[in-house]
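Spelled out, the chains give:
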Amino acid sequence: DSGVTQTPKHLITATGQRVTLRCSPRSGDLSVYWYQQSLDQGLQFLIQYYNGEERAKGNILERFSAQQFPDLHSELNLSSLELGDSALYFCASSPSGQVGVSPQHFGDGTRLSIL
Amino acid sequence: GIQVEQSPPDLILQEGANSTLRCNFSDSVNNLQWFHQNPWGQLINLFYIPSGTKQNGRLSATTVATERYSLLYISSSQTTDSGVYFCAVGSGSARQLTFGSGTQLTVLP
């Protein structure tokens, strides 16, 4: 158990819909990262938050947004969903905002299926 | 950005055999992690090893940062070792991990 909690585990929805994925980091971790794993793109970084502030952006679509709340949990919002958004979405956390200081610990992921 | 290459892409072993997985990266790194993704999709953190050698049971890893590669050794493999092994690196001022494309390991009984 990594200590990172993601809900829901599975999500099935239709094109054009909007969903929210939730992540609770490990106790004491201030940094939250979102990654997307799709069959054709592999594991790709989407966005990072540190202590409530956005710190880095990767290949995140404009239809996607995220936020980190005062209790440090984070939500990833995906809107106007397309078939290609079907993927496994991982949240990771670390104590620091710097990648070289400590490892990232990953949750079990949310499997999103768009019908 | 940094490039990460893993080899071999696929590996099939008989139970009890040993194996070595390789990860090459194109720039200096300040973070290197090895993960095992099991058949249920979970990413299990195996090692945090930006340099040096670590061992955990039947698994060990070595990173030679000056030569830009890392090796993951699996000894006396078991069927439960099956899955995809990913190497992920962090470099410079980047805040994210960059993942390789993985090695798909199948251990046959």
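Above this text is the structure in question.
**With respect to the overall build of chain B**
Consideration 1: Per the secondary structure count, chain B includes zero helices and eleven strands.
Consideration 2: When its helices and strands are written in sequence order, chain B yields β-β-β-β-β-β-β-β-β-β-β.
Consideration 3: Relative to the compact-globule value of 13 Å for 109 residues, chain B shows a C-alpha radius of gyration of 13 Å, a close match.
Consideration 4: For chain B, the spread of C-alpha atoms along the principal axes amounts to about 45 × 25 × 20 Å.
Consideration 5: For chain B, the proportion of its 109 residues judged to be buried stands at 50%.
Consideration 6: For chain B, long-range pairs separated by at least 24 residues make up 55% of all intrachain contacts whose partners lie at least 6 apart in sequence.
Consideration 7: As presented, chain B carries roughly 5100 Å² of accessible surface, and 48% of it is formed by carbon and sulfur atoms.
Consideration 8: Charge separation in chain B, taken as the distance between the mean sites of 5 positive and 6 negative side-chain charges, equals 11 Å.

**Focus: the interface of chain A and chain B**
Consideration 1: Across the boundary between the two partners, chain A contributes 22 residues, which contact 19 residues of chain B.
Consideration 2: Carbon and sulfur atoms supply 54% of the area buried between chain A and chain B, which totals about 1600 Å² over both sides.
Consideration 3: Here chain A and chain B share zero salt bridges between them.
Consideration 4: If you look at where chain A meets chain B, you find five residue pairs in polar contact (both at pLDDT 80 or more).
Consideration 5: Taken together, the elements giving at least two residues each to the side of chain A that touches chain B come down to β4 (31-38), β5 (42-50), β6 (53-57), β9 (87-94) and β10 (105-106) of chain A.
Consideration 6: Its residues assigned to classes, the side of chain A that touches chain B comprises eleven nonpolar, eight polar and three charged.

**Here's the deal with the environment of A:Ser74**
Residues and elements named next belong to chain A.
Consideration 1: By secondary structure assignment, the location of Ser74 is in strand β8 (residues 74-78).
Consideration 2: Remark: the alpha-carbon pair of Ser74 and Arg18, spanning 56 residues in sequence, is separated by 16 Å.
Consideration 3: Beyond its immediate sequence surroundings of up to four residues, Ser74 is in contact with Leu21, Arg22, Cys23, Val32, Trp34, Gln67 and Gln68.
Consideration 4: At 2.9 Å, the side chain of Ser74 forms a polar contact with the backbone oxygen of Gln67.

**Digging into the sheet that holds strand β3 (residues 19-24) of chain A**
All names here are of chain A.
Consideration 1: Taken together, the four strands give an open sheet; going across it, the order is β1-β3-β8-β7, and neighbouring strands pair in antiparallel fashion. Each end of this open sheet is capped by a strand with a single partner; those strands are β1 (5-7) and β7 (64-68). Taken over all neighbouring pairs, the strand axes of this sheet differ in orientation by 15 degrees on average, direction set aside.
Consideration 2: Where β7 lies against β8, five bridges are found, and the strand directions are antiparallel. Opposite Gln67, over in β8, you have Glu75 as the bridge partner.

**Looking at the state of the cysteines**
Consideration 1: If you walk through the whole model with that rule in mind, you get two disulfides over all chains.
Consideration 2: The residue that forms a disulfide with A:Cys23 is A:Cys91, at a sulfur-sulfur distance of 1.8 Å. Linking A:Cys23 and A:Cys91, the disulfide has an S-S dihedral of approximately -55 degrees and is accordingly described as left-handed. A residue pair is termed long-range when its members are at least 10 positions apart, and A:Cys23 in strand β3 and A:Cys91 in strand β9 qualify at 68 residues.
Consideration 3: By relative accessible area, A:Cys91 is classed as buried at 0%.
Consideration 4: The residue that forms a disulfide with B:Cys23 is B:Cys87, at a sulfur-sulfur distance of 2.0 Å. Judged by the sign of its S-S torsion, about -55 degrees, the bond between B:Cys23 and B:Cys87 is left-handed. Placement of B:Cys23 in strand β3 (residues 19-25) and of B:Cys87 in strand β9 (residues 83-90) is noted, with a sequence separation of 64 residues between them.

**Some words on the pattern of salt bridges**
Consideration 1: Going through the model one piece at a time under the given rule, you end up with five salt bridges over all chains.
Consideration 2: Residues joined by salt bridges that share partners form a network here, namely A:Arg63, A:Glu82 and A:Asp85.

**Some details on the packing of aromatic side chains**
Consideration 1: Following the criterion strictly, the structure yields nine aromatic pairs over all chains and no others.
Consideration 2: Geometrically, the ring pair formed by A:Phe64 and A:Tyr89 is edge-to-face, given 6.5 Å between the ring centres and 70 degrees between the ring planes. Of this pair, A:Phe64 sits in strand β7 while A:Tyr89 sits in strand β9, placing them 25 residues apart in sequence.
Consideration 3: With a relative accessible area of 5%, A:Phe64 lands in the buried category.
Consideration 4: Across from the ring centre of B:Tyr69, 4.2 Å away, lies the NZ or CZ of B:Arg22, which sits over that ring.

What counts as what
- Residues numbered from 1 in each chain as written.
- Chains lettered and ligands numbered in written order.
- Predicted model: local features only at pLDDT ≥ 70, side-chain atom pairs only at ≥ 80, totals over all residues.
- Heavy atoms only, no water.
- Helix = DSSP H or I, 4+ residues; strand = E, 2+ residues; numbered from the N terminus.
- Rg over C-alpha atoms; globule rule 2.2 N^0.38 Å.
- Buried < 20%, exposed > 50% of the residue type's maximum accessible area, 1.4 Å probe, protein only.
- Contact = heavy atoms within 4.5 Å.
- Areas by Shrake-Rupley, 256 points an atom, 1.4 Å probe, with all protein chains shown as cover.
- Lys, Arg positive; Asp, Glu negative; His and termini not counted.
- Charge placed at Lys NZ, Arg CZ, Asp CG, Glu CD.
- Buried area = accessible area lost by both parts, 1.4 Å probe.
- Salt bridge = Lys/Arg side-chain N within 4 Å of Asp/Glu carboxyl O.
- Polar contact = N/O pair within 3.5 Å; in protein donor to acceptor, adjacent residues only side chain to side chain.
- Nonpolar A, V, L, I, M, F, W, Y, C, P; charged D, E, K, R; others polar.
- Pairing = 2+ DSSP bridges.
- Axes fitted to C-alpha atoms, helices over the stretch in contact; angles between N-to-C directions.
- Disulfide = S-S within 2.5 Å.
- Phe/Tyr/Trp six-rings, centres within 6.5 Å; stacked < 30°, edge-to-face > 60°.
- Lys NZ or Arg CZ within 6 Å of the ring centre and 35° of its normal.

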